[in-house]
Every structure is written in C-alpha cells, then in structure tokens.
Amino acid sequence: GIHLDYVRFPDRLSCYSPATRTRYEAFAKRKVPDWPASVKPGGALWDSYAKFRASQVTQFVRQASKELRAVRPGVQISIAVWGKHPDCLDAVGQDWPVWLKEGLVDFITPMNYSENPWEFESLLLEQLAHPGAKGRIVPGIGVTANECELYPSEVLQQLALARRHGCDGFSLFKLDANLLQNVLPVIGPALTGR
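These numbers come from a predicted model, not from an experiment.

Looking only at helices and strands, the protein features seven helices and five strands. Going from the N terminus to the C terminus, the protein shows its helices and strands as β-α-α-β-α-α-β-α-β-α-β-α. For the protein, the C-alpha atoms occupy an extent of roughly 65 × 40 × 30 Å along the three principal directions. Buried residues in the protein amount to 46% of all 194 residues. Expressed as a percentage of contacts within the protein between residues at least 6 apart in sequence, the contacts between residues at least 24 apart total 69%. Total accessible area computed for the protein in this model is approximately 10500 Å², and 56% of it derives from carbon and sulfur atoms. Put simply, the protein has 22 plus and 20 minus side-chain charges, and the middle of one group is 8 Å from the middle of the other.

What follows concerns a nonpolar patch on the surface. Residues F170, L175, L180, L184 and L191 make up a contiguous nonpolar surface patch of roughly 420 Å² in combined accessible area. Mapped onto the elements, F170 comes out in the loop between α6 (152–164) and β5 (171–173).

On to helix α2 (residues 46–71), then. In an α-helix there are 3.6 residues to a turn, and that puts residues three or four apart on one side. For α2, spanning 26 residues, the distance from its first C-alpha to its last is 38 Å, which sits close to the expected 38 Å at 1.5 Å a residue. Among the residues of α2, those classed as buried are W46, Y49, A50, F52, R53, A54, Q56, V57, T58, V61, A64 and S65. Considering only its buried residues, α2 is in contact with α1 (18–28), β2 (77–82), α3 (87–92) and α4 (96–101).

Turning our attention to the pattern of salt bridges. Using the criterion set out here, one finds six salt bridges in the structure. Of the charged contacts, one joins E25 and R21 as a salt bridge, the two residues approaching to 3.2 Å between their closest N and O atoms. Of this pair, E25 and R21 both sit in helix α1, four residues apart, which is roughly one turn of that helix. On the basis of relative accessible area, E25 is assigned to the buried category, the value being 12%. In this structure, K31 engages E25 in a salt bridge whose closest nitrogen and oxygen atoms are separated by 3.7 Å. For K31, a relative accessible area of 67% corresponds to the exposed category. Where salt bridges share partners, they join R21, E25 and K31 into one cluster.

One finds I79, W99, V105, I108 and V155 to be the most contacted residues of the largest nonpolar core, which totals 39 residues. When contributions to this core are tallied by element, the ones reaching two or more residues are α2, β2, α3, α4, β3 (107–111), α5 (117–128), α6 and α7 (177–192). In terms of residues, this core owes the most to one element, α6, which gives four residues. Every residue in contact with W99, bar those within four places of it in the chain, is listed here: V7, V57, T58, V61, I79, V81, Q94, L104 and V105. Judged by nonpolar contacts, the second largest core, of 10 residues, contains V32, W35, V39 and Y49.

Before going further, it helps to spend a moment on the packing of aromatic side chains. Scanning all chains against the criterion turns up 11 aromatic pairs. Judged by centre distance (5.3 Å) and plane angle (75 degrees), the ring pair of Y24 and Y49 falls under edge-to-face. With Y24 in helix α1 and Y49 in helix α2, this pair connects stretches of sequence that are 25 residues apart. Look at Y49 and you get buried, because its relative accessible area is 0%. With a centroid separation of 5.4 Å and an interplanar angle of 15 degrees, the aromatic rings of Y113 and F173 are classed as stacked. Here Y113, found in the loop between β3 and α5, pairs with F173, found in strand β5; they are 60 residues apart in sequence, far enough to count as distant. For F173, a relative accessible area of 34% corresponds to the partly exposed category. Joined through ring pairs, the aromatic side chains of Y16, Y24, F27, W35, W46, Y49 and F52 make up one cluster. Over the ring of Y6 we find R8; its NZ or CZ atom is 3.9 Å from the centre of that ring. Of note, K40 hangs over the ring of Y16, and the distance from its end group to the ring centre comes to 5.4 Å.

The rules behind these values
- Residues numbered from 1 in each chain as written.
- Predicted model: local features only at pLDDT ≥ 70, side-chain atom pairs only at ≥ 80, totals over all residues.
- Heavy atoms only, no water.
- Helix = DSSP H or I, 4+ residues; strand = E, 2+ residues; numbered from the N terminus.
- Buried < 20%, exposed > 50% of the residue type's maximum accessible area, 1.4 Å probe, protein only.
- Contact = heavy atoms within 4.5 Å.
- Areas by Shrake-Rupley, 256 points an atom, 1.4 Å probe, with all protein chains shown as cover.
- Lys, Arg positive; Asp, Glu negative; His and termini not counted.
- Charge placed at Lys NZ, Arg CZ, Asp CG, Glu CD.
- Patch = residues over 30% accessible without salt bridge, like charges linked within 9 Å, V, L, I, M, F, W, Y side chains within 5 Å.
- Salt bridge = Lys/Arg side-chain N within 4 Å of Asp/Glu carboxyl O.
- Expected span 1.5 Å × (residues − 1).
- Core = buried A, V, L, I, M, F, W, Y, C linked by side-chain atoms within 4.5 Å.
- Phe/Tyr/Trp six-rings, centres within 6.5 Å; stacked < 30°, edge-to-face > 60°.
- Lys NZ or Arg CZ within 6 Å of the ring centre and 35° of its normal.

Following this line, the structure appears as structure tokens:
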C-alpha cells in the first residue's frame, strides 16, 4: 500500500503567495483587493478561503489516488489526518470524510495523539460516526508524539479502546528508540498473544 502523510497545510496562516491569490480569485470568481488581510482568519473572506484551501488539498488527494490506482490497480491507499472534524477543515484544509465517501482512500489514520484515554475515545467515536468510516479508521496512537508521550500501559489502554470500537488496526507514532526499546517489548505479548 501507499500511505500519504502531511497532506495538509501547516496551519491556518498558510499560504498567501501570488500563485495562491490567483487560484483563490479564480475559485471565488472575484478579485480580492485587500490581500491577504481579507482571507486570513477573522477576515471578511476567511470562510470562503478555508473552503478553497480544503478544495486544494482534496484535489491533490483525488489526483494522487487516481494516478496511484492507474499505476497499481487495487493498491491500498491510506492517509494521516488530523482527527477532529470539522476543525481540521479550517486548521489544515483536510476534509477526510469526503475522501472516505468518494473512495479516494481505503482508510485513514487519524492522529489521535493524547495522553487522556477519554479524549482518545471521544475522537475515535466522532470519527467512526461519519458515513462510510466503519472499518476504515486505523487510529494513530501518539506513543512519542510532540503532543504526548505514553507509557506502555497507556498504549495498551488505547489499543483496547480501538479494538472495543471495531477498529481493524492501529498505528504507533513514532518509530524511535523509546518505542523500540521501552514500549514494544512490553506491549508485544499483548499484540501477538505470546
């Protein structure tokens, strides 16, 4: 399979280049004299600009999916996403429910990085409630993410929550010395049953 990562804008304040302005004006079918102030968060055109940004990311995902499947029919395509929807639309331009609905990806890996098991579960339940999401959510667990660092017992707790809610898999972020030396040796037996 192919896993797409970082298919998003870095934040709400990106991008205001001349090429982006030209594309946005074509999208909005209007000139924007007060660029970029009017399209920044809080500006008069922010809502429209946020939709434009999401459309650009979706257009990339659509094209990548089409080309990957043309080269390798039947390839499994997954993508890392911000887990909270619709916040991810404004924040980074990801509209992953559309990607699932249109079959652009086979499954998503939401970055549900939290030390709080209730927050992890809440995100997971929200994700699973989207049409077509069942069986297509492979939650990301932030073992050593910037947002959190989990002990092996906390990783096992989040794995149990993912299994309880019918997820077919999980993703551990990130592969580093802590995961290899401290976490996997402890959780391995729970994963393999040995």
